[in-house]
Amino acid sequence: MSETHKDYDASKMGMWLFLFTEILLFGGLFLLYAAYRHRYAAAFHEAGRALDVVLGGANTVVLITSSLFVAMAITALQQGRKVRCQWFLALTILMALVFLVNKYFEWTAKFQHGVYPGSEHLAALPQGQALFYSLYFAMTGLHGIHVLLGASLLGVVMAFVARDKVRRDDYVLLENAGLYWHLVDLVWIYLFPLFYLIS
Amino acid sequence: MLHAHTNTGGHVLGNRFLVGVWAALMACTVLTVAVARVDLGFLNVVAAMAVATVKALLVILFFMHLRFENSLLRWMVFIAFVILGICIGFTFFDLAWRP
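Residues numbered from 1 in each chain as written. Chains lettered and ligands numbered in written order. Predicted model: local features only at pLDDT ≥ 70, side-chain atom pairs only at ≥ 80, totals over all residues. Heavy atoms only, no water.

J.: I'm lost on the overall build of chain B in this one. Help?
T.: Regarding its fold elements, chain B presents 3 helices and 0 strands. Reading the secondary structure of chain B in the N-to-C direction produces α-α-α. Within chain B, the proportion of its 99 residues that are buried is 34%. For chain B, contacts bridging at least 24 residues in sequence account for 54% of all contacts bridging at least 6. Approximately 5,900 Å² of chain B is accessible, and the part contributed by carbon and sulfur atoms is 75%. (Helix = DSSP H or I, 4+ residues; strand = E, 2+ residues; numbered from the N terminus. Buried < 20%, exposed > 50% of the residue type's maximum accessible area, 1.4 Å probe, protein only. Contact = heavy atoms within 4.5 Å. Areas by Shrake-Rupley, 256 points an atom, 1.4 Å probe, with all protein chains shown as cover.)

Below, the structure is given as structure tokens:
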């Protein structure tokens, strides 16, 4: 019989170290946003009016609720309720899809108004407004990729739960996937007021 | 053989508690949208960032379980955010006093 020792504390610390690099990645972009907003305050204010607060607010509710679901999935597995855990993971992934569908409609509407990276309409706008939209697409786009990756990761963990590779007495992978998902929520908590509530 | 023990020291967050955290996050979301509709000038940004930071703390401390982790991890996360704060803060010392 082979002896396997898993260090759960180190596993979680490793995940947090990775999250620090993510925080610095988004932190750099937030810094860029702040610097340009300081310089082009009026243009940012004007450009922010065009964003849909209802869609942005709906996506905020969706992401916060998905964070609740993943936390409840962990609680369920800790209590040995495997099926319940799988249901909560499925709901979390569903919320991620709802978020992305919302984003799809939001971006499509922007594209139809000629607002997309590199468009002529964008180039004709005052520089501050063009910068606002460039940052909007770069930051919500990068965040959207994280939503996609996080949901995929949760899907993998869900399959592991089904095969008992992640189970009541060994669930650090679920916790780490949950940490990643909460980070996605965390970034959106700042993106929402900075882009949608600016006007 | 797998030497398994729960890595959170068997600490389980109750569903009722988690829903409470969720409700607080929802209340903050409503608050931030409401405050944005009132023109407070520069204070609008301050209020929006303050509410966002309260929300971030709720997510980090409870959903991400940091409140119940060991002190090494808690300090690591704290220092990471202090470094981010220095990075953003010092940039503004430069920007704000540029002619």
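J.: How should the overall build of chain A be read in this particular structure?
T.: Helix and strand counts for chain A come out as 7 helices and 0 strands. Relative to its full complement of 199 residues, chain A shows a buried share of 55%. Excluding contacts between residues fewer than 6 apart, the proportion of contacts in chain A whose partners are at least 24 apart in sequence is 83%. Surface exposure of chain A reaches about 8,600 Å², of which carbon and sulfur atoms provide 66%. Side chains of chain A carry 14 positive and 13 negative charges; the gap between the two charge centres is 4 Å. (Lys, Arg positive; Asp, Glu negative; His and termini not counted. Charge placed at Lys NZ, Arg CZ, Asp CG, Glu CD.)

J.: What am I meant to see in the interface of chain B and chain A here?
T.: A common way to report how large an interface is uses the accessible area buried once the components associate. Facing 49 residues of chain B, the contacting portion of chain A comprises 53 residues. Inspection of the region where chain B meets chain A yields 1 salt bridge. The residue B:Glu69 makes a salt bridge to A:Lys12 at a minimum N-O spacing of 2.5 Å. Counting the contacts that link chain B with chain A gives 6 residue pairs in polar contact (both at pLDDT 80 or more). Those elements giving two or more residues to the side of chain B that touches chain A turn out to be helix H1 (15-36), helix H2 (43-63) and helix H3 (71-96) of chain B. Among the elements that take part in the side of chain B that touches chain A, H3(B) stands out by supplying 13 residues, more than any other. (Salt bridge = Lys/Arg side-chain N within 4 Å of Asp/Glu carboxyl O. Polar contact = N/O pair within 3.5 Å; in protein donor to acceptor, adjacent residues only side chain to side chain.)

J.: What am I meant to see in the side chain of A:Asn102 here?
T.: Mapping A:Asn102 onto the fold places it in helix H4 (residues 82-112). What A:Asn102 contacts, discounting residues up to four positions off in sequence, is A:Leu55, A:Ala58 and A:Asn59.

J.: Please clarify how the packing of aromatic side chains should be interpreted in this entry.
T.: Any aromatic ring pair is given by two values, namely how distant the centres are and how the planes are angled relative to each other. Residues and elements named next belong to chain A. Applying the stated criterion across every chain, the model contains 25 aromatic pairs over all chains. Centroid distance Trp 16 to Phe 20: 6.3 Å. Interplanar angle 50°. Geometry classified as tilted. Of this pair, Trp 16 and Phe 20 both sit in helix H1 (residues 8-39), separated by 4 residues, roughly a single helical turn. Comparing Trp 16 with Phe 20 shows no difference in burial state: the two are buried. Both rings, one in Phe 44 and one in Phe 132, keep their centres 5.3 Å apart while their planes meet at 80°; by these two values the pair is edge-to-face. Of the two residues, Phe 44 sits in helix H2 (residues 41-48) while Phe 132 sits in helix H6 (residues 127-162), which places them 88 residues apart along the sequence. Both residues of the pair, Phe 44 and Phe 132, count as buried. (Phe/Tyr/Trp six-rings, centres within 6.5 Å; stacked < 30°, edge-to-face > 60°.)

J.: How should I be thinking about the packing of H1(B) against H2(B) in this particular structure?
T.: Relative placement of two packed helices is described by the angle separating their axes and the distance separating the axes. All names here are of chain B. In contact at an axis separation of 10 Å, H1 and H2 are set at 170° when each is read in the N-to-C sense. Compared by their axis directions, H1 and H2 come out roughly antiparallel. Of the residues in H2, those in contact with Phe 17, Leu 18, Val 21, Trp 22, Ala 24, Leu 25, Cys 28, Thr 29, Leu 31, Thr 32, Val 35 and Ala 36 of H1 are Asn 44, Ala 47, Ala 48, Val 51, Val 54, Lys 55, Leu 58, Val 59, Phe 62 and Phe 63. Here the contact of H1 with H2 is built from residues that sort into 18 nonpolar, 3 polar and 1 charged. (Axes fitted to C-alpha atoms, helices over the stretch in contact; angles between N-to-C directions. Parallel < 35°, antiparallel > 145°, perpendicular 65-115°, else oblique. Nonpolar A, V, L, I, M, F, W, Y, C, P; charged D, E, K, R; others polar.)

J.: Quick question: what am I supposed to make of the packing of helix H3 (residues 53-78) of chain A against H4(A) here?
T.: Residues and elements named next belong to chain A. Two elements in contact, H3 and H4, have axes whose closest approach is 8 Å; the angle formed by their N-to-C orientations is 165°. As summarised for this structure, H3 and H4 are arranged roughly antiparallel, according to the angle between their axes. H3 and H4 meet at a crossing whose hand is left-handed. For the contact of H3 with H4, the per-class residue count stands at 17 nonpolar, 5 polar and 4 charged. (Left-handed = near helix turned anticlockwise from the far one by under 90°.)

J.: What is the right way to read the nonpolar core from this model?
T.: The tendency in soluble globular proteins is for nonpolar side chains to be buried as a group. Residues and elements named next belong to chain A. Counting residues in each nonpolar core, the largest one holds 89 residues, and the members touching the most others are Trp 16, Leu 89, Tyr 133 and Phe 195. For this core, the element with the most residues is helix H7 (residues 172-196), which contributes 16 residues. Beyond its immediate stretch of four places on either side in the chain, Tyr 133 contacts Ala 47, Ala 50, Leu 51, Lys 110, Val 115, Leu 122 and Leu 125. (Core = buried A, V, L, I, M, F, W, Y, C linked by side-chain atoms within 4.5 Å.)

J.: Sorry, what's going on with the pattern of salt bridges here?
T.: Where charged atoms from two side chains of opposite charge approach closely, those side chains can pair. For the structure shown, the criterion picks out 8 salt bridges over all chains. One salt bridge connects A:Arg49 with A:Glu46, and the closest N-O pair in it is separated by 3.8 Å. Members of the salt-bridge network, linked through shared partners, are A:Lys12, A:Glu175 and B:Glu69.

What is shown is where atoms sit, not what they do.
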